[in-house]
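# Structure at a glance
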Amino acid sequence: MKRLALTALFVLALLLTSGFAQNINIGFTVSKTGALNVDSLEQYRGFELWRDQVNAAGGIKAGGKSYKVQFVGSYDDESNVKRVQQLYTRMILQDNADFLFSPYSSSLTATAAIVTEQYGKIMLTSGSAEGKTYTLGNHYLFQMFAPATEYLKGVLDMLKAKDPKATVAFVYEDASFSVAVVNPAKTYAQQVGFNVVFSEAYAPNTTDFSAIIDKVIAAKPTVLIGGGHYPDGSTLARQLYNHKVNLKMITLLVAPDSPQWSELGDAAAGVVVPSQWEPQTVFKVEFGPSGADFAKAYTAKYNVPPSYESAGGYACGLILQRAIEQAGSTDTAKVAAALNATDITTFYGRTKFATAPNEHGLQIGHSMVLAQWQKDKSGTLVKQVVWPLAGKSANLVYPIH
Amino acid sequence: MIDGLLIGSVYGLAAMGLSLIWGVMDVINLTHGAVIALGMFAMYLLFTALHLNAYLLLLPIIAMGLIFGTLVYWTSVHWVIDRPQLSSLLSTFAVNMIIIGAGTAIWSTSPYNVNFSLPGFTVGLYTFTGNHIAAASAAVIIALALELYLHRTRPGKAIRAVADNREAAELMGISSTTVLALAFAIGIALAAASGALVSTLFPFTILSGGVYQLKSFVVTVLAGLGKPLGALLAGILLGLLEGAVTPFIAVSWIPLIEFGLFVIVLVAFPKGIFARSAA
Amino acid sequence: MSPQPSTGAQAAAGQAVPLSSRRASLPEVGRRGGILLHPVFWLTLVFAGLMIAVPLHGNNVALREDLILVAVAIILASNLNLMIGYTGYVNFGHIVFYGLGGYVGLYLATVRNWNLVLAALSAGVTVSLLALLFGVGILRLRGAYFALATIGVLVAVHSFVSNFDPWGRSTGMYVSFDAYAPLGGPMRALWITYILVIVVMALSMVLSLAIKKSKFGLGLFAIREDEDAAVVLGINARVFKAIIYSVSAFLPAVAGALMFYKNGMIDPSIAFEYMLSLEGIVMLMLGGQGTVVGAALGGGLYERLRSYLLTSSRLSNFHLVIAGGLLLLVVLFAPGGLIGWLYRLAPRAKKVIE
């Protein structure tokens, strides 16, 4: 009897421990409040959808074990740099985060990176395109977004093909992301032969663009490029429209990719946005869901179509998952090695990280597309892919008025 | 330049409240910025609830401002009014922190919008938005109304009397406490109104009042205290100055110039550029 | 509008002067043995010693992160006390010293690769000299005008730095990840920085004590009580004020250099946070302006309260409401703060707790 009972207990214990899932703790902050809240929420939803799908499929499988993905923290960083530092320190020291995802935006990510590097933890960054952070000698950063230098090249190439005589104005946020995007673009514009008639950066959190718009009108450009994130981008577009500025093309960063953009009504129409991903772009997927499946699941869960911030968020999880599975372990050094060796195509596109020490983690596989808001036959605003020409879903509308 | 004139009128309106309170009771109202922000939110709430013409909603907002001002006066200002000026500075500042804290808790720091537009009119390449024109007109109308009130009505004259010499006014039978409370309430209502006007122009948060508070200080110091019409003019002057300077330098230098000006004026003209003859 | 009469003049004019505990915090000069025998001096040493030993002994990084914020709060409050509590001049823009020190220090330590201690000290000296320059201009103003002018200085410096290219304009400066190599890597560097910050905190308190017990301090208190009378009595108020304004900038600037080095980055929005400046005033008023222990107590307590509120998800946005409420209560009913209240309870404590 005793032996039977003991054996039963032993078998029970065996069953329990083998099916018993351990956790992988992933920490990150979300800008639930503050200027970045719109874009950050979209990124968060990407993380969340990935976590739900992975756990539903039995978790991440590595080294014979199944790991359940658990988010520790997802604290509100209030779009604030100081909060990011405090919270990432907390997630590493007190909440036992094994891996980190970045906050949303280049500035907040640069700050989080200091903490994760100080404590030697892997962080996958999404929503962060600025490349300078990766030149500071890191070991554990991995960038999912195509770097800032790539953002406006496509716009200028497209413009060159359409209207080489265009005169260009740059009006952009004086913050690390937009500056990192616009500076190389200015150089490229001049190289390609455009006349840059005006260029000025506005302070972050600027809400009134009348002064700068007056200056733009005086400079008489035909094309305006710039913006920053959602609040300034949407306000700039609205005020340009209210002031009836005569432009043939407006390209703004980030903001127009959000589904919320259509709320601007007529001010939203015609605006072009450089995008990390659009639902219309199709890739030969080697790992994870297809673009169509991703978009369907996202729309079903959140009642809005996914933006590229959401796609980037989901891809973060996907790439980390694959690296852990490839490494067969959750050990930081092994996973980092697996990430360094990554070269794979998912619904999001090709992902490959630079490994040289002076640019470690920089994204070198991913390309960008251009999208434009256009009115379809029924007058509803929809986003169409207009560049590259090989992958477009509609022709560029130019001029927009 | 005209844009400068328009936005300057709003600066002037914002400053009028500060100037009145400062001139009448020698209290520097550090809740000024927070109240401006509250005015913005009041407009947002009323507009989203009622969907009436935003400019009609000014009237209830002014009324609310009067009530709120009286409340603030009785809780924090009344007790410190006879103490050295720094006490009222700190007490109004404490109320400011409370308002901003409560506002952040309720509305967070995410931007809000009042989506109400009046058609503007275009001259050549430049369009002046209807909202700016309406805001400036409202500012001027309110300023003139205030001047009339101060000079033609009994309570208004009582306010001026107390501002001139409180003891003499009391000897003449004016209840200075009531008058002070009234003046403070009007000051707050003016700040709230200016916030409400600005709310239709661009996105705002509970922290947006800070910029206006600082501009109000500059304007008040330029104009001298207790002169509402002077504050309006000085506000327009500031708006024009901003408009004149921006074509030549990047917009981000403006705060530096304004505050450099502020410090210089304070140091060179401690009693304001147009100092009152009866010190 | 007439200039605000001082409490002394008010009393002379027969008006009621509020019985503020400010008067109770007047110093007693000439104590035998100087400050080395003073209980507060030893208290400071023990306190600082504990703050270094306890987290270090257990390698308790989480505790260290909490305590460093307490130390910074005490540094800011103590040095602000020199202006508000001792001299009677309210500085709303105090944080500008911290932020500027951060910029200068970070620039020297990471762009120019100077030794950290040297960079921090140079930051302190530079900012003190700048303070002297500003001070000469704005210290002509009295009372509330001075307070407003300090806000003007803060905003002007913020705006200037936001446009200053070598310091990264609005983006600021980010430290390279191997900047900590000279100190033996990030883990070690963070501990070293922590110890240095505690040292600065102890220096702030000792400095406050030393000034309070000196003739110079007596002159400052005289200025606080009645500046015109003090001038008549032969105190060179202009020089005294300029010196103390400059001195009150030194240690916060050093602390700023150390803290931003530790944080690995600086930008105008976090260097010149207006709210921190104002919280410094709350801390000081809460603890008891004019006293050394009061500044430290107020700084420490307020910082712990704030940390608690910020990490509690429900209450995180109420910390400002509570801070404002506390300040209001203190200003209206207890201008002497906690220490003032202590003095009223046990008047003999005045001799020991300064």
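Each value, and the rule that gives it
Residues numbered from 1 in each chain as written. Chains lettered and ligands numbered in written order. Predicted model: local features only at pLDDT ≥ 70, side-chain atom pairs only at ≥ 80, totals over all residues. Heavy atoms only, no water. Contact = heavy atoms within 4.5 Å. Buried area = accessible area lost by both parts, 1.4 Å probe. Salt bridge = Lys/Arg side-chain N within 4 Å of Asp/Glu carboxyl O. Helix = DSSP H or I, 4+ residues; strand = E, 2+ residues; numbered from the N terminus. Nonpolar A, V, L, I, M, F, W, Y, C, P; charged D, E, K, R; others polar. Polar contact = N/O pair within 3.5 Å; in protein donor to acceptor, adjacent residues only side chain to side chain. Domains from an automatic or database assignment. Buried < 20%, exposed > 50% of the residue type's maximum accessible area, 1.4 Å probe, protein only. Axes fitted to C-alpha atoms, helices over the stretch in contact; angles between N-to-C directions. Parallel < 35°, antiparallel > 145°, perpendicular 65-115°, else oblique.

## Observations regarding the interface of chain A and chain B
With 25 residues of chain A in contact, the opposing surface of chain B contributes 22 residues. Around 1800 Å² of area is buried between chain A and chain B when both sides are counted, 54% of it from carbon and sulfur atoms. Counting the surface chain A buries against chain B, the share from its top three residues, Lys215, Ile217 and His243 of chain A, is 24%. Inspection of the region where chain A meets chain B yields zero salt bridges. Only strand 8 (195-202), helix 7 (210-219) and helix 8 (230-242) of chain A provide two or more residues apiece to the side of chain A that touches chain B. Here the element with the most residues in the side of chain A that touches chain B is helix 7 of chain A; it accounts for seven residues. In the side of chain A that touches chain B, the residues fall into seven nonpolar, nine polar and nine charged.

## Regarding the interface of chain C and chain B
Contact with chain C, which involves 44 residues of that partner, is made by 43 residues of chain B. Buried surface at the junction of chain C and chain B, both sides included, amounts to about 3900 Å², of which 76% is carbon and sulfur. Inspection of the chain C/chain B interface yields zero salt bridges. Joining chain C to chain B, the criterion identifies one residue pair in polar contact (both at pLDDT 80 or more). Those elements that place two or more of their residues in the side of chain C that touches chain B are helix 1 (7-12), helix 5 (116-138), helix 6 (143-163), helix 12 (274-287) and helix 14 (319-333) of chain C. The dominant element in the side of chain C that touches chain B, judged by the number of residues it contributes, is helix 6 of chain C, at 14 residues.

## Some points on the domain arrangement of chain A
All names here are of chain A. By domain assignment, chain A separates into domain 1 (21-146 + 282-359) and domain 2 (150-275 + 368-391). Computed over C-alpha atoms, the centres of domain 1 and domain 2 are 28 Å apart. Facing 18 residues of domain 1, the contacting portion of domain 2 comprises 17 residues. Summed over both sides, the interface of domain 1 with domain 2 buries roughly 1400 Å², with 63% coming from carbon and sulfur. Contact with domain 2 buries area across many residues of domain 1, yet Val38, Ala146 and Tyr308 alone supply 36% of it, more than any other trio. Here domain 1 is connected to domain 2 by zero salt bridges. Here domain 1 and domain 2 share three residue pairs in polar contact (both at pLDDT 80 or more) between them. The set of elements that each furnish at least two residues to the side of domain 1 that touches domain 2 consists of helix 2 (37-56), helix 4 (106-118) and helix 10 (308-327). Ranked by the residues each element gives to the side of domain 1 that touches domain 2, the list is headed by helix 2, at three residues.

## A few points about helix 7 of chain A
Burial of helix 7 of chain A is extensive: seven of the 10 residues sit out of reach of the surface. Two residues or fewer past helix 7 of chain A, Lys220 of chain A is found with a positive phi of approximately 55°.

## Here we look at the pattern of salt bridges
Oppositely charged side chains are able to pair whenever their charged atoms sit close together. All names here are of chain C. All told, the structure shown has 22 salt bridges over all chains when counted by the stated rule. Here Arg142 and Glu227 are joined by a salt bridge, their closest N and O atoms 3.6 Å apart. You can see Arg142 sitting in the loop between helix 5 and helix 6 and its partner Glu227 sitting in helix 9 (residues 227-232), a full 85 residues away along the chain. When its relative accessible area of 39% is taken as the criterion, Arg142 is described as partly exposed. We classify Glu227 as buried; its relative accessible area is 8%.

## Considering the packing of helix 2 of chain A against helix 9 (residues 291-302) of chain A
Residues and elements named next belong to chain A. Contact pair helix 2 / helix 9: the axes reach a minimum separation of 11 Å and the direction vectors enclose 105°. Regarding the angle of helix 2 to helix 9, the classification is roughly perpendicular. Here Glu42, Arg45, Gly46, Glu48, Leu49, Asp52 and Gln53 of helix 2 lie close against helix 9, whose contacting residues are Phe294, Ala297, Tyr298, Lys301 and Tyr302. Counted by class, the contact of helix 2 with helix 9 contains five nonpolar, two polar and five charged residues.

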